[in-house]
Structure formats: structure tokens, C-alpha cells
Amino acid sequence: MTYAPQNPVDVPPYQLQPLLSGVVDSLSRAAGHPVHIRCAQAIGSEIYVGCSNGELLRFALQANDAQSPESYTLLSRQSVPNEKPVDEIVLAPSISRALVLSDHQIHFYTIPSLDMVPLNQIKPIRNVVTFAVDEQHLRRPPQFMDDIPVPVEPIEFCVIKRSNIALYSLRERLFFQKEIPLPSGGTFARRTGKYLCVADREFYNMVDLAAASLLQLLPISQAPDPTVVVKPLIAVISEKEFLILSWTGATTIGVFITGDGDPVRGTLEWPSHPDAVSLDYPYVTTLLPNGTIEIHSIETQTIVQVVPGPPDAPSPLAGDRKALISCLNGFFIPSTQRSEKLRMVPQRLVRKSARGDSKSREQDLEAVPDIPSL
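Residues numbered from 1 in each chain as written. Predicted model: local features only at pLDDT ≥ 70, side-chain atom pairs only at ≥ 80, totals over all residues. Heavy atoms only, no water.

## Quick notes on unusual backbone geometry
Working step 1: Note the cis peptide between Ile111 and Pro112, where omega equals 10°.
Working step 2: The linkage connecting Tyr281 with the following residue, Pro282, adopts the cis geometry, with an omega of 10°.
Working step 3: Along the chain, Pro282 turns up in the loop between strand S20 (276-280) and strand S21 (283-287).
Working step 4: The phi dihedral of Glu83 is positive, around 55°, even though this residue is not glycine.
Working step 5: Of note, Glu83 is situated in the loop between strand S4 (72-79) and strand S5 (86-92).
Working step 6: Judged by relative accessible area, Glu83 falls into the exposed class, the value being 54%. (Helix = DSSP H or I, 4+ residues; strand = E, 2+ residues; numbered from the N terminus. Buried < 20%, exposed > 50% of the residue type's maximum accessible area, 1.4 Å probe, protein only.)

## Comments concerning the pattern of salt bridges
Working step 1: As enumerated under the stated definition, the model contains 10 salt bridges in all.
Working step 2: Arg58 serves as the salt-bridge partner of Glu46, at 2.8 Å between the closest nitrogen and oxygen. In this pair, Glu46 is assigned in strand S2 (residues 46-51) and Arg58 in strand S3 (residues 55-61), connecting sequence segments 12 residues apart. The pair formed by Glu46 and Arg58 is uniform in burial state, with each residue classed as buried.
Working step 3: The shortest N-O distance in the salt bridge between Glu172 and Arg171 comes to 3.3 Å.
Working step 4: For Arg171, a relative accessible area of 35% gives the class partly exposed. (Salt bridge = Lys/Arg side-chain N within 4 Å of Asp/Glu carboxyl O.)

## Focus: the sheet that holds strand S14 (residues 203-208)
Working step 1: Across the sheet, which stays open at both edges, the four strands sit in the order S12-S13-S14-S15 with antiparallel pairing between neighbours. Unpaired on one side and paired on the other, strand S12 (188-192) and strand S15 (213-219) mark the two borders of the sheet. In this sheet, adjacent strand axes meet at a mean angle of 20° when their direction is disregarded.
Working step 2: Pairing of S12 with strand S13 (residues 195-199) involves five bridges; the strand directions are antiparallel. (Pairing = 2+ DSSP bridges. Axes fitted to C-alpha atoms, helices over the stretch in contact; angles between N-to-C directions.)

## Side note on the sheet that holds strand S19 (residues 263-270)
Pairing between sheet strands relies on hydrogen bonds along the backbone, with the strands arranged either parallel or antiparallel.
Working step 1: Taken together, four strands build an open sheet; the order of strands is S16-S17-S18-S19 and the sheet is antiparallel. Looking along the sheet, the strands with just one partner apiece sit at the ends: strand S16 (234-238) and S19. Along the sheet, successive strands turn relative to each other by an average axial angle of 25°, direction set aside.

This is the structure in C-alpha cells:
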């Protein structure tokens, strides 16, 4: 069951386009056993992919024509030190770093080259359950895309361990700040500013990192059957606002909540518990278990678009949809409409007279190509 858009927009905010194909097949053939994509991130013209065999893949967008939309080329491949599955990749472009979680360790890499930071400069962080980088810091512009260098500010992030939260800042080197007790532990977290929203096995909690205080929020599942386990889902909406999803047993509701624990806006609703949630303001995008993608407006809390699940018949978009990824600084994709938007436009040019006085004479010239309108 899916919901139809309550107030459909004339032009849907999203369209689906394949970017990479055959990645899993080629990796599996080379390894001699099935290899799966576990996570991915993208920025600029590059896509970074983490695999179940511990490999990190770096793809770059190449020049293409309108008939060849899939034009990413594999630039490099390497393995994390332990060759265990890569669980998460977080890009911090303002300091040209990538944080890679694998085997309960955070490893540090440079971007865009994806070279490992020397161990004598930054050692991996161990005993990690999950981690959350301040999303306001992740939104800072990339250093390698700026024409004018700007002062590099450190990024801050939280590492959730078995019974505490460790706070770090990172620039050229890693600095430990402090620890905050977390008796109930945590399985998933998101951070914005001084607020950390963290889910334990039963509840969502809000942690004020400055005051080292914890406030219990909604249960992850409100279903009567306690054996039903659902995945905690959290999205950062703004500097002081989160979205948390709670399963009721019949539907899932999404509650917007501030760092102080106060509900704001209205609520969202889904017919089943989503597998993933992502923010692309002013839209919240969710992936449902049947592969359907639903897009809600944050401002009106209504559905504006539904992307159906993959068809049964083979197609470029068929296959399992496992996750949604929000690339905070955007990335480039090839356009299949490029040639359609190129056109010849006649221009009237004005040329000054040879006398150099205020009078001029116009001369119509034959049509010349204008700058392509894209």
C-alpha cells in the first residue's frame, strides 16, 4: 500500500536516473564470491563506495554524450586495513577528509584522492558502535572547490561507544574533548550543533552536549507486540530540529522535535516502517520496504511525489533499493537532456563607428551560436 500525493506538484521534485551499473557483478567476479555495496557518498564529480569485502571504490564523472548517461569511471580501489565490511562513509569536505567506519573502527582518509591519513598523524578510533558528525559542519563548502582559500575550522563529531559518548574535533589532527556517560548505550545517532539525537534499543533520546544532560523522547516502536524490532531513523532538519520515526504497529509516524525536546510542525505518516529517511529541504524522502520512494513536503507535511518500486521485469532501474543517501554539498550527474537544450540563437551586435563619436551604426549579422542554455 502506498499513498497518492495529496497535493501533487506540476513538476515532480525528483526523477530517477541510474549512475553506476555492473559494479557488484564485476566485484563479485573478481573476488570469486558475492560482494555487496554497503554504503556510498558523493561530492563534486566523484562517488565513493564502500563494499562488503572491505574495498573502497572511487568513481569520477567523465565527459559523455546524451546517449551515454552512465559515465562514471573507476579511478581507484583499495581496502580498509582490516578488510572487513565498510559500514559507513562520511565526507567532511571543508577539511578534505573522509571518515570511514569498519569493524567498529573509524579510519581517516583524504578527499578527493581517498588516500589514508598516515597513522603517525591520526590513529583509528576503536570500539565504535556508531558516530555522528555535526551536520552543520558537513555543510561547509569543500576546500578543494574554492578558488580563494579560507581559514579551515575543525569539524566536531560524537563517537557512541558501549556506555558513553566521546566528543572529538578534527582538522589536521584529531583532538579528544570529553566523554559523557550513556548508560543505556546507543545504536544510531545524528548531531546538529550542541544537540545529539541518539537511539538506544527502545527509545529516542536527546543529549545536550554542552550541559551533558539527557532527555528521553518517543519509543522507537509503539507496537503491542514487543518482539517486533524496527530500525531507528533520525534526520536533521535544521540547526535545532530533528525528525524521528516511530512505528505504531499499523503505521509509522514522523515527529519533528527541537533539541529541547519540544514537538514542532505537524506529523508525517507512512503505511509501513521505512528502511531509510533523507532530507533535501524542503522535502523529506523515505524508502519503504517494497522499494517505493515517498517524498513529503516539510512545510505542509503532505506527499508531493511517489516513485514506484522497481518493476519485476529487468530494467535499468530494477533491483533492490537498500538506502537513501543525502549528499549535503551536492554532486554532478550527467544529463540526458543536454543536447536538447543546445540551440542557435540570432544576436544583433552593435559596433561603434570609426569616428569614435556618440553615434553608432547597427549591423545585423547572421545567426551565431549563443552560450548553451542548460
